[in-house]
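# Fold and geometry: a report
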Amino acid sequence: MASSVRRRAFLHAAGGTALALGLSGTAAATPSFAASADEPAAGSEEFAALRAKWRDLVLGTGFSPTAEPFKTLLANLGTTAQKHLSTMAPASGSLWPDAVWADPDPNTDAASYAFSAKMNDSYSRLSVMAQAWAQPGTGLTGDAEVLDAVLTGLDHVNSEVFNTATQQYGNWWNFQIGAPQALMDTCVLVHDHLTAEQITKFCAAVDHFVPDSVFDNYSGTSTGANRVDLCRSVILRGIVGEDRAKVELAAGSLAPVFPYVTAGDGFYADGSFIQHRNVPYIGGYGAVLHDGVGRLLALLRGSAWELNDPNTQLFLDTVDKAIAPFIYNGLIMDNVSSRGISRFGTSEHTRAIGLLGTLVLIGQGAAPEENARWRAMVKGWMQRDYYAPPLKSPGLSLNRAAQLQDVLDDTTVKPAPEPVEHRLFHNMDRATHRRRDWAASVSMASRRIAHYEFGNGEHARGYHTGAGWLSWWGSGFGLEQYSDAFWPTVDPYRLPGITASRKPLADGQGGNWGQPCPDVDWVGGTTDGEFGATGQHLKGLESTMNAKKSWFWLDDSVVCLGAGITSTDGYAVETTVDNRALGAAGAPELTVDGRSQPGQQGWSRTFEDAEWAHVEGHAGYVFPCGARLSAVREERTGAWKDINTGGPADPITRRYLTLYTDHGTDPTDATYAYVLLPGASARTTAQRAGDRGWLRILANSGDQQGVHVAELGLTAVNFWAAGTVDKVTASAPASVLIREHRDGTATVVVSDPARRAVSLQVTWHKRVSQVLSRPAAVTAATTGASLKLTFGDLTGAFGAPQKIKVKLG
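Described below are features of the structure shown in this document. (Residues numbered from 1 in each chain as written. Predicted model: local features only at pLDDT ≥ 70, side-chain atom pairs only at ≥ 80, totals over all residues. Heavy atoms only, no water.)

### Some thoughts on the pairing of strand S13 (residues 546-553)
Extensive coverage of S13 is indicated by the burial of seven of its eight residues. Looking at chain direction, strand S12 (residues 532-539) and S13 are connected through eight bridges and run antiparallel. When the bridges of S13 are listed, Thr-534 appears paired with Trp-551. Relative to strand S14 (residues 558-566), S13 runs antiparallel, the two sharing seven bridges. Its bridge partner being in S14, Trp-551 is matched across the sheet by Cys-560. (Buried < 20%, exposed > 50% of the residue type's maximum accessible area, 1.4 Å probe, protein only. Helix = DSSP H or I, 4+ residues; strand = E, 2+ residues; numbered from the N terminus. Pairing = 2+ DSSP bridges.)

Here it is in structure tokens:
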């Protein structure tokens, strides 16, 4: 610890602000949160209680600082804070030498974005220091030098940049959300050591950058997660400054977040979540929204501003409808995290930790049965995450650790297993398929949903993540697939499941925040809740490549069909059957048609008529029509900076085993067909390939794609155009799934993924005696030798499945 002489010199370098305020000797051995002499007493009790609540939400409660993982986390917090303390050097335009916020040409270009981020970083570092001062067991608990440095730093940033005389520059987010939140969090922690003058000027700065007018309309940057963050900034400003009107305004301004939307940003009734107009973002902004709302609900509960909006139940319902379907064994699927997947130091696993903690937090205000169910899910996910257990995460915060440890220690909570279900998110072009031993998800794009998002220099090569990317994980394997430096090293033209032209694309193709969308409508599918049919009319980004892709989701496999694959780019078009990430040294055995293939790096081969393939420890692949299959083992080197300008430039090398079909240069009406069997053994794969009666491909053309699996009683057809496939006829484009049950009933599910059917008739040429149930969208139903279903205008259903139950015979 630095001497008092060094501390005085440090404060003098800062302009003597803290000394002038009489703050140099304010800290004792432990933090004091008693009311200061100049704090107004009248009406302060309620605000003091709210500050105490927020302090607990920031720091965490109910843990022993001498028990693990808390002991180590506290020590790490202290180490980080000590580093900030020792390098802090107030100067004109900065508080730390490596965090200069002074912008010589303030505007909204990339350079200004970076300068504004440094201002935000400075407040964040001060918040870390304040936490180390306030937390027990950090080695800096109650340290006078730390407190003085925090107070000096707050004054310095305020006097230099975050004040009422400064005009916003760079990224609006840093001035309206990032900086205000970090500033107010810090003010809560050191509130009793702030003067009335400091509180006034810090609050005035927040009022300047986050005026009341940001809540006038639910639009632009004041929607979804951003609206919640803005409300948090102002609620905390009201609590710090003891301004009832501010708290009331911001608490009331949360109301538009809760109802489901039918367009734009927010949660949809089907569980979709969109931010930035057309980007699926449950793992990013959706997680931020959940955390923000969860904390604010907990903060205001029992106060004069408690959120009693009846629509808050809609928000709670999104846990089961939107969040849980994308969490698998402790990870949040990358295909709903957009730019976040390009950030160094994060992964599917680290992004899930915040959500798991949030579920524990908001469960405290939910119905007892909801709380119990969510805690059981969280416990199961945590216990099954063998790759990156949440409580061992190096970036774990104390409050998250406390929330998650509480669940693990609760012996009344039994871990919930993974569900068996299929979920279609027709408002964000995603589907998830979950089984006890594996899970999968497909990522698509349409006129409504972007190919990908590029912005802030992030996600520079994500251009094919919406081209039918089929991601999957096993219960005891594969959890590292996308978490071990996958994104900076993978070939972006060979993501698992995609069909793509090899036409070279520029980093950030489509432009900064361009969020390019293909001009196609038929993207979506249908499901009975257990099985599913999904389809994508695919048009390549900045490419002439066109294809029809379908996935039929079964009990132990996914049937993948492609047809009408056409391009005139002058480049080859490929469909990547799979691209397994093997870490730094993996070399699993590849078997093709019963023959083991070489394992050395750099090996490649094309098999002219492959019937099946198997990657040891990963999956089996069956090609029911035979396939010209190419395989390659390669080591790929890249850097996080290649895909995100904020990432390190250090080279990383990872191994890949890729299976793909080369459709040739400028193909016309090319096709593919394969079956993915996650976790299957080589023997099981060979047996499935030899069972010619197990699967019938009913159609695989640019007009229809469909399958029949007799042992499941399943028939599913994606009609790209009107027609008849086997026993099913559709009068217009549609997706149809039929399940025949052993009790003599059947379920027929129909959707209009294109959202263009003003009328539709679906006929099943099967004897049906009675319609047991039907939705209002079915305007007529006739039975007998065939079942004829007439649907009215389906455009308002937004592609949602319509389920009909019938009796056979």
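### Structural notes on the layout of surface pockets
Considering only enclosed or pocket space, the second largest pocket measures out at about 410 Å³ in volume. Counting only elements with at least two residues in the lining of the second largest pocket, the list comes to helix H3 (44-59), helix H13 (348-363) and helix H15 (398-409). Of the residues forming the lining of the second largest pocket, the biggest block, six residues, is contributed by H15. When its residues are assigned to classes, the lining of the second largest pocket shows eight nonpolar, eight polar and five charged. (1 Å grid on protein atoms, 1.4 Å probe; cavity = no way out; pocket = protein on both sides within 12 Å on 5 of 7 lines; lining within 4 Å. Points joined across faces, edges and corners; volume = space filled by probe spheres on them. Nonpolar A, V, L, I, M, F, W, Y, C, P; charged D, E, K, R; others polar.)

### Describing the pattern of salt bridges
Applying the stated rule across the entire model yields 39 salt bridges. With a shortest N-O distance of 3.1 Å, Arg-375 and Asp-410 are connected by a salt bridge. Of this pair, Arg-375 sits in helix H14 (residues 368-384) while Asp-410 sits in the loop between H15 and strand S6 (421-425), and the two are 35 residues apart along the sequence. For the pair Arg-375 and Asp-410, a shared accessibility class is recorded, and that class is buried. Among the charged side chains, a salt-bridge network with shared partners connects Asp-207, Asp-212, Arg-237, Asp-243 and Lys-246. (Salt bridge = Lys/Arg side-chain N within 4 Å of Asp/Glu carboxyl O.)

### As for helix H8 (residues 196-209)
Taking 1.5 Å per residue, 14 residues should reach 20 Å; H8 reaches 20 Å between its end C-alpha atoms and fits that length. Of all the positions in H8, only Gln-198, Ile-199, Phe-202, Cys-203, Ala-205, Val-206 and Phe-209 are classed as buried. Along the axis of H8, the buried residues cluster in a sector spanning 150°; they form a single face. Exposed residues on H8 whose side chains face more than 90 degrees from its buried face are Glu-197 and Thr-200. Those residues of H8 that are buried are in contact with helix H6 (144-160), helix H7 (172-189) and helix H9 (224-241). (Expected span 1.5 Å × (residues − 1). Arc of directions from axis to C-beta. Contact = heavy atoms within 4.5 Å.)

### As for unusual backbone geometry
Leaving glycine aside, a negative phi is the common case for residues, and trans is the common case for peptide bonds. In the segment running from Glu-68 into Pro-69, the intervening peptide bond is cis, with an omega of 5°. Position of Pro-69 among the secondary structure elements: in the loop between H3 and helix H4 (70-87). The phi torsion at Asn-456 lies on the positive side, around 60°, for a residue other than glycine. If you trace the backbone, Asn-456 turns up in the loop between strand S8 (438-444) and strand S9 (467-474). In this structure, His-459 takes a positive phi of about 70° despite not being glycine. For His-459, the location among the structural elements is in the loop between S8 and S9.

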